[in-house]
Amino acid sequence: MNNPLDLDEAERARIQAKTARFAPPPAADADGRRDLVGLSRDELRAVLIEAGEAAFRAKQVWHWIYYQGATDFARMSSIAKPSQSRLAERFVIGRPAVATVQTSSDETRKWLFRFRDGQEAETVYIPDKYEDRGAVCISSQVGCTLSCRFCHTGTQPLVRNLGVAEIVGQFMAARDAYGEWPSPKGETPRLLSTVVLMGMGEPLYNYDNVARAMAIVMDPEGIGLSRRRITLSTSGVVPMMDRCGAELGVNLAVSLHAVRDALRDEIVPLNRKYPLRELIAACRRYPSASNARRITFEYVMLKGINDSEAEARELIRLIAGIPAKVNLIPFNPWPGSPYETSTRAAIDRFAKIVNDAGFSSPVRAPRGRDILAACGQLRTASRRGAPAA
Ligand code: SAH
Ligand code: SF4
């Protein structure tokens, strides 16, 4: 008889096969020079050796790319000039192109990045209101296969997955814009010190590329973010949650938004596949639920839809015993959106019930709404088969 883990394995394979046809294009420029960004350390070593370089070159190049933020081989002063030129003939150190950049009245900044094939995705930098630091909100896909009813990205069909270089590249390009290289050693503060995978797309439907990108971001000889500084948000792809916990161990945020299957089926349609019982069980299994860290449940506040006191009480029954916090997100409207934001009084009542039960329940202040950079407002003009370039 199959045990549940075997079934999960089969399901994971199915998810990956399904997403393979949305693969990103090869990471090379128009002249066929290969992009070194996005390769793992082992892959980097292999391509450099194949190009006739000594094995130690990989360590130097890695340092220049991910610690110093170099995009030009001529800057790599620890590498002899002839080697620099040889590398420049065959390789590039890519960044996504900035199509547009907008800064909100609250200092939130949004980039529209254009990738080599002309497809576009958005990235947002959200500075902390009180301290000199902030979070970079990264996209994992162009569009999304899941059509959550309250989400602007969900109105854009999936165009394709983003590749490893494109995912890491969003963070690196954001750092370029703030002049935040070299990466900090030890605890040197940096403005761009946190990554949240909360941009466009469902990161667990592009798991391999996301995982490889996060491994690069966490590498201690490069950007060096700790897993505690990375949060992956999922709408609840249950079989991939276990894998994410075991392999990456980053913080997990779960887009809950409803406490009964009937409503969640409607507003987060993935619930029809992985209903609340399975989702909550996967949260209980997630590693950060068993140590000092907590799972974050995200709950968008939709007026008259999911914001009653009875639902708040049901929520605390549902997540009882999970070390968790509940982020209440006032609904961010977008052109044509079918919902309204809950009243402040309803949000406060909801928050109090959750808080009184022992769960921290911050209300997320909307950031960057004036430039459509807030949660759930991202969307690009990219269409499948029709690059926006
Ligand atoms: N696909 C992932 C991550 C991206 S969305 C996920 O769904 O978790 C990041 C968060 O914004 C999610 O919790 C999402 O449900 C929420 N969100 C989407 N649309 C929103 C909107 N219009 N207003 C407020 N939050 C929204
Ligand atoms: Fe996709 Fe997340 Fe938006 Fe749902 S909320 S449509 S999963 S990006």
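Residues numbered from 1 in each chain as written. Chains lettered and ligands numbered in written order. Predicted model: local features only at pLDDT ≥ 70, side-chain atom pairs only at ≥ 80, totals over all residues. Heavy atoms only, no water.

Student: An account of the site of ligand 2 is requested, with residue identities and associated values reported.
Tutor: Looking at ligand 2, the residues that line it are Cys144, Leu146, Cys148, Cys151, Gly154, Gly201 and Ser235. Among the residues forming the shell around ligand 2, the class breakdown is four nonpolar, three polar and no charged. (Near = heavy atom within 4 Å. Nonpolar A, V, L, I, M, F, W, Y, C, P; charged D, E, K, R; others polar.)

Student: Can you lay out the packing of helix α10 (residues 309-318) against helix α11 (residues 344-356) for me, pointing to particular residues and giving the numbers?
Tutor: Close contact between α10 and α11 brings their axes to 9 Å; oriented N to C, the two are set at 25°. One finds that α10 runs roughly parallel with respect to α11. Crossing geometry of α10 relative to α11 is assigned as right-handed. The segment α10 lies against α11, with Glu309, Glu311, Ala312, Arg313, Leu315 and Ile316 engaging Arg349, Phe350, Ile353 and Val354. Among the residues making up the contact of α10 with α11, the classes are represented as six nonpolar, no polar and four charged. (Axes fitted to C-alpha atoms, helices over the stretch in contact; angles between N-to-C directions. Helix = DSSP H or I, 4+ residues; strand = E, 2+ residues; numbered from the N terminus. Parallel < 35°, antiparallel > 145°, perpendicular 65-115°, else oblique. Left-handed = near helix turned anticlockwise from the far one by under 90°. Contact = heavy atoms within 4.5 Å.)

Student: Can you tell me about the domain arrangement of the protein, naming the residues and giving the values?
Tutor: Per the domain assignment, the segments of the protein are domain 1 (32-94) and domain 2 (97-371). Domain 1 and domain 2 are separated by 33 Å when their C-alpha centres are compared. With 16 residues of domain 1 at the interface, the matching set in domain 2 holds 16 residues. Regarding the contact of domain 1 and domain 2, the summed buried area is about 1400 Å², with carbon and sulfur atoms giving 53% of it. Between Glu43 and Arg212 there is a salt bridge whose closest N-O contact spans 3.2 Å. Listed by contribution, the elements that provide at least two residues to the side of domain 1 that touches domain 2 are α2 (41-50) and α3 (57-67). Sorting elements by how many residues they give to the side of domain 1 that touches domain 2 places α3 first, with six residues. Across the side of domain 1 that touches domain 2, the residue classes break down as seven nonpolar, five polar and four charged. (Domains from an automatic or database assignment. Buried area = accessible area lost by both parts, 1.4 Å probe. Salt bridge = Lys/Arg side-chain N within 4 Å of Asp/Glu carboxyl O.)

Student: Describe the site of ligand 1, with residues and values.
Tutor: Taken together, 20 residues lie near ligand 1, and Phe150, Gly201, Ser233, Ser255 and His257 sit nearest. Here Ser233 contributes a side-chain N or O atom positioned 2.7 Å from an oxygen atom of ligand 1. Contacts to ligand 1 include Glu298, whose side-chain N or O atom sits 3.2 Å from an oxygen atom. Burial of ligand 1 by the protein chains amounts to 96% of its free accessible area of 530 Å². If you list the elements that add at least two residues to the shell around ligand 1, you get β10 (230-234), β12 (295-301) and β13 (324-330). Residue classes in the shell around ligand 1 are distributed as nine nonpolar, nine polar and two charged. (Polar contact = N/O pair within 3.5 Å; in protein donor to acceptor, adjacent residues only side chain to side chain. Areas by Shrake-Rupley, 256 points an atom, 1.4 Å probe, with all protein chains shown as cover.)

Student: Describe the environment of Arg293, and please don't skip the residues or the numbers.
Tutor: Tracing the backbone shows Arg293 in the loop between α9 (276-285) and β12. Judged by relative accessible area, which is 13%, Arg293 ranks as buried. The spatial distance from the C-alpha of Arg293 to the C-alpha of Asn251 is 7.7 Å, given a sequence separation of 42 residues. Within the structure, Arg293 has its side chain in polar contact with the backbone oxygen of Gly249 (distance 3.1 Å). Reaching out from Arg293, the side chain makes a polar contact with the side chain of Asn251 at a distance of 2.8 Å. (Buried < 20%, exposed > 50% of the residue type's maximum accessible area, 1.4 Å probe, protein only.)

Student: Just give me the short version of the sheet that holds strand β5 (residues 120-127), but keep the residues and values in it.
Tutor: Spatial ordering of the open sheet is given by β3-β4-β5-β6-β9-β10-β11-β12-β13, a layout of nine strands whose pairing is mixed. With partners counted over all chains shown, the strands left at the sheet margins are β3 (97-103) and β13, one partner each. Pairs of neighbouring strands in the sheet enclose a mean axial angle of 25°, with direction left out of account. Contacts from α11 reach β12 and β13, with the element oriented near 180° to β13. (Pairing = 2+ DSSP bridges.)

Student: Would you mind going over the side chain of Arg293 in detail, with residue names and values included?
Tutor: No salt bridge is formed by the buried Arg293. Its closest oppositely charged neighbour is Asp242, at 14 Å. Once residues lying within four places of it in the same chain are set aside, the contact partners of Arg293 are Arg227, Arg228, Gly249, Val250, Asn251, Ser288 and Pro323. (Lys, Arg positive; Asp, Glu negative; His and termini not counted.)

Student: Residues and numbers for α3, please.
Tutor: An α-helix turns once every 3.6 residues. As a result, residues three or four positions apart point the same way. α3 sits mainly inside the fold: nine of its eleven residues count as buried. For α3, the full list of buried residues reads Arg57, Ala58, Gln60, Val61, Trp62, Trp64, Ile65, Tyr66 and Tyr67. Looking at the buried positions of α3, the neighbouring elements they touch are α2, α4 (81-90), α5 (164-177) and α6 (207-218). Downstream of α3 by a residue or two, Gly69 has a phi angle that is positive, lying close to 75°.

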